[in-house]
Amino acid sequence: MILSVRAAVPRDAAPVVGLLRAARPHLVVTPELLAWQATGKPAERFGMLVAEADGGIAGVVRAKAAGICVKWGGSTGGASYG
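Residues numbered from 1 in each chain as written. Predicted model: local features only at pLDDT ≥ 70, side-chain atom pairs only at ≥ 80, totals over all residues. Heavy atoms only, no water.

1. With respect to the layout of surface pockets
Move 1: Empty space within the largest pocket amounts to approximately 200 Å³.
Move 2: Listed by contribution, the elements that provide at least two residues to the lining of the largest pocket are α2 (31-39) and β2 (46-53).
Move 3: The element that contributes the greatest number of residues to the lining of the largest pocket is α2, accounting for five residues.
Move 4: In terms of residue class, the lining of the largest pocket is built from ten nonpolar, two polar and one charged. (1 Å grid on protein atoms, 1.4 Å probe; cavity = no way out; pocket = protein on both sides within 12 Å on 5 of 7 lines; lining within 4 Å. Points joined across faces, edges and corners; volume = space filled by probe spheres on them. Helix = DSSP H or I, 4+ residues; strand = E, 2+ residues; numbered from the N terminus. Nonpolar A, V, L, I, M, F, W, Y, C, P; charged D, E, K, R; others polar.)

Written out as C-alpha cells, the structure is:
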C-alpha cells in the first residue's frame with residue numbers, strides 16, 4: 001500500500017467525518033464543523049492533511065496553533081494522539 005499525503009480539500013469532508021467518527025465516536029463532528037474550523041477566526045482554525053491509499057482517505061491530521069491532533073484509521077487499524 002502506498003500512502004500519499006496532501007492538504008485536505010472540501011470534497012474530503014464526508015470521508016474525513018467518517019474517519020473521525022470511527023476513531024473517536026464520542027466526538028460530535030460534521031462536514032459543516034470541519035468547514036467552520038478551516039475558515040473560522042484564527043483561534044479556531046485547524047489545518048488539515050489527509051493520507052490517501054487505495055483511492056480513499058486512510059488518515060487525517062488536524063493541526064491547531066496550540067497543538068496537534070492526529071487521527072488514523074481505515075483498514076490499518078487506529079491510533080489517536082491528542
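2. Examining unusual backbone geometry
Move 1: Despite not being glycine, D54 shows a phi value in the positive range, around 55 degrees.
Move 2: Along the chain, D54 falls in the loop between β2 and β3 (56-64).

3. Notes on the environment of G55
Move 1: Along the chain, G55 falls in the loop between β2 and β3.
Move 2: Classification of G55 as exposed rests on a relative accessible area of 82%. (Buried < 20%, exposed > 50% of the residue type's maximum accessible area, 1.4 Å probe, protein only.)

4. Thoughts on the pattern of salt bridges
Move 1: What the rule picks out here adds up to two salt bridges.
Move 2: Its salt-bridge partner being R6, residue D12 comes within 2.7 Å of it at the nearest N-O pair.
Move 3: Residue R6 pairs with E52 through a salt bridge whose shortest N-O separation is 3.1 Å. In this pair, R6 is assigned in strand β1 (residues 4-7) and E52 in strand β2, connecting sequence segments 46 residues apart. (Salt bridge = Lys/Arg side-chain N within 4 Å of Asp/Glu carboxyl O.)

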